[in-house]
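# Tertiary structure, described
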Amino acid sequence: MLEPLIAGILSVLSLEPLIGIAAGVAVGIFMGAVPGLHAAMAIALLSPITFGMQPITAIAFLTGIYKGGTYGGSISAILLNTPGSPEATASAFDGYPLAKAGKAKKALQMALYASVAGALLADVLLYAIAAPFSRFALKFGPTEVTFLVLFAFTFVAGLAGKSMLRGLAACAFGFLCAMIGLDPMSATPRLNFGFIELQDGLPLLPIAIGMLGVTEVMFAVERGLEHRRRAQGEAPKPISGTGGPSLGWVEFLTHWKTILRSSLIGTGIGALPGIGAAMAAFVGYGTARKYAKNPDEFGRGALEGVAAPEAANSAVVGGSFVPLLTLGIPGNVTTALLIGTFLVHGIEPGPHVFKTQPTLIYGIFTILFVANFFNLIIGLLGSSLYSHIVKVPEYITYSIIALTCVTGVYAASSSFFFIYVMVIFSVIGYFMKKFDYSFVAFLIGFVLAPEFEISFRSFLLIAQGNPVGLLLQSPIALVFFLLTVGAVVRILWAQSGRARRSSTST
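Before going into details, it helps to say that this report is about the structure given with it.

## Considering a nonpolar patch on the surface
- A cluster of nonpolar side chains, contributed by Val423, Val427, Phe431, Phe435 and Tyr437, occupies part of the molecular surface with about 440 Å² of accessible area.
- For Phe435, the position within the fold is in the loop between α20 (417-434) and α21 (439-463).

Below, the structure is given as structure tokens:
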């Protein structure tokens, strides 16, 4: 136990992984600070350059992007009132009023300190609970995995969009796309339409880059053609990030209860598949307001209103690694993309990886922990630089992204065929976003489909015509089946309630 821990720590505390973390955090903050961009897009675009790296360096770089991007969204939220990423939306409620009041520097520092504190707590909890949870997960056979993944599908589909039916449709479409290639049991081709390039199935990277990167470029072009900013007035001018008083440590520590509470909320939500950092930020903000001494100050420039969502959304990062590493189930888009990189480097997340590669697992834990300090240092040193990044014209940013998307896919596959795949899925992603079909549900359906198919078919073979009897023999599978039924009923009830309230107000 102690030897893998020490070896994992030492593997990270060498030059290449540390450079990878620092570079990843810097890129992540940059991508998060630019409105419309986010950490998941950066990971999708930059994954190809990690294929030639050592596994620990590649993971360090991409994890650094994840950490930095989560904080970076707060920069434009505070200075522009335009969140750089969805999880930073709640930070704008009080961050922008503080910036307009001449306290931009204090608001940015509170966002940074709360992000680091929330992430540190989540990472410590990850150290504590991941290994014991993995030992429990070793009891999972085909029956348990089948109903666990079924629960994940249902949970994600219900919570990742406004409509459960649309979420299930997106998840089912992802599942269908994953069926392309060779049958995992009989090795017969299916759904490849005669294309030899699809013999091994659709790769994750062109799909992710198309639906994350190129789709955003398409929306940027649409915004330019429609002249939305001219129609709605000028965008708010960015406020200097170096102006106003600094945040003292004593003033920061007076909000420790809010930060602790939001960190625990974010860790718990991060461990659940499909909910995401945006939900954690809003729950943290709402809870902080509920327990505040002066709740009326929220929305007018309360430092607690910045600390709560930032601690919550940053804690999601550590929490999301619990299902990723212990069960091999991604909790959100970013961890789904990380699974692709893990597989490229011969790492298969799941309970067995704690026995087969314990040094690597503790190395990942150390990367998460060390990345917080790089986030703090780079965030402080680069605050003035990042406050200028938000001023970059949109057409420059998205022109570079479009070029990076094409070169990234070609570099990873050396084939124009997968550039066509990227273009096709970018169009699909455009219409999915237009009509509120969840990309999260699609991607998790795509990533988990192979595991679900093998487990489900194995479950049916073991059951020998009596699947109900086999289900009743497994308490774990039965619990997940009941949770699935309960989740469906509760989500449908909540959505029908919203529909009734909407029709009444209309």
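So, next bit.
## Focus on the pattern of salt bridges
- One pass over the full model with this rule turns up eight salt bridges.
- Measuring nitrogen to oxygen at the nearest pair gives 2.5 Å for the salt bridge that ties Glu216 to Lys433. Here Lys433 lies in helix α20 and Glu216 lies in helix α9 (residues 204-226), a separation of 217 residues in the sequence.
- Given a relative accessible area of 10%, Glu216 falls into the buried group.
- Through salt bridges that share partners, Asp183, Arg190, Glu453 and Arg457 make up one connected network.

## A closer look at the environment of Leu338
- Mapped onto the elements, Leu338 comes out in helix α15 (residues 333-344).
- Remark: the alpha-carbon pair of Leu338 and Ile59, spanning 279 residues in sequence, is separated by 8.1 Å.
- When near neighbours in sequence (up to four residues on either side) are disregarded, Leu338 contacts Ile43, Leu62, Tyr66 and Phe321.

## As for the packing of helix α4 (residues 55-80) against α15
- It is the contact of α4 with α15, at a shortest axis distance of 11 Å, that shows an interaxial angle of 175 degrees. Considered as vectors, α4 and α15 are oriented roughly antiparallel to each other. Residue-level inspection shows Ile59, Leu62 and Tyr66 of α4 in contact with α15, the latter providing Thr334, Thr335, Leu338, Thr341 and Phe342.
- Taken together, the residues of the contact of α4 with α15 sort by class into five nonpolar, three polar and no charged.

## Thoughts on the packing of aromatic side chains
- For the structure on display, the rule yields 24 aromatic pairs.
- Look at Phe442 and Phe446: their rings are 6.3 Å apart centre to centre, the planes differ by 20 degrees, and that puts the pair in the stacked class. On the criterion of helical spacing, the pair formed by Phe442 and Phe446 is a turn pair, its members being four residues apart in helix α21. In terms of burial, Phe442 and Phe446 fall into one category: buried.

Calculation criteria
- Per chain, residue numbering runs from 1 following the sequence as it is written.
- Only residues with pLDDT of at least 70 get local features here, since the model is predicted, and only at 80 or more are side-chain atom pairs given and counted; chain-wide, interface and lining totals rely on the full set of residues.
- Water and hydrogen atoms were dropped before computing side-chain values, which therefore reflect all heavy atoms in the structure.
- A patch consists of residues exposed above 30% relative accessible area that lack any salt bridge, with like charges linked at up to 9 Å and nonpolar side chains (Val, Leu, Ile, Met, Phe, Trp, Tyr) linked at up to 5 Å.
- Where accessible areas are quoted, they stem from the Shrake-Rupley method and a 1.4 Å probe; at the residue level, only the protein chains shown are allowed to cover.
- Only one rule defines a salt bridge in this text: a Lys or Arg side-chain nitrogen within 4 Å of an Asp or Glu carboxyl oxygen.
- For the purposes of this entry, the term helix denotes a DSSP run of H or I that reaches at least four residues, the term strand denotes a run of E that reaches at least two, and both are numbered from the N terminus.
- The classification of residues rests on relative accessible area computed with a 1.4 Å probe and restricted to protein chains. Under 20% of the type maximum is buried, over 50% is exposed, and intermediate values are partly exposed.
- Contact definition: two residues touch when any of their heavy atoms are within 4.5 Å.
- Lines fitted to C-alpha atoms define the axes, with helix axes restricted to the stretch in contact, and inter-axis angles between N-to-C directions lie between 0 and 180 degrees.
- These descriptions rest on fixed angle ranges, namely under 35 degrees for roughly parallel, over 145 for roughly antiparallel, 65 to 115 for roughly perpendicular, and the rest for oblique.
- For this classification, the nonpolar set comprises Ala, Val, Leu, Ile, Met, Phe, Trp, Tyr, Cys and Pro, the charged set comprises Asp, Glu, Lys and Arg, and every other residue, Gly included, is treated as polar.
- Aromatic pairing here means that ring centres of Phe, Tyr or Trp (its six-membered ring) are within 6.5 Å. Orientation follows from the plane angle: under 30 degrees is stacked, over 60 is edge-to-face, and everything else is tilted.

Functional significance is not addressed by these values, which are geometric in nature.
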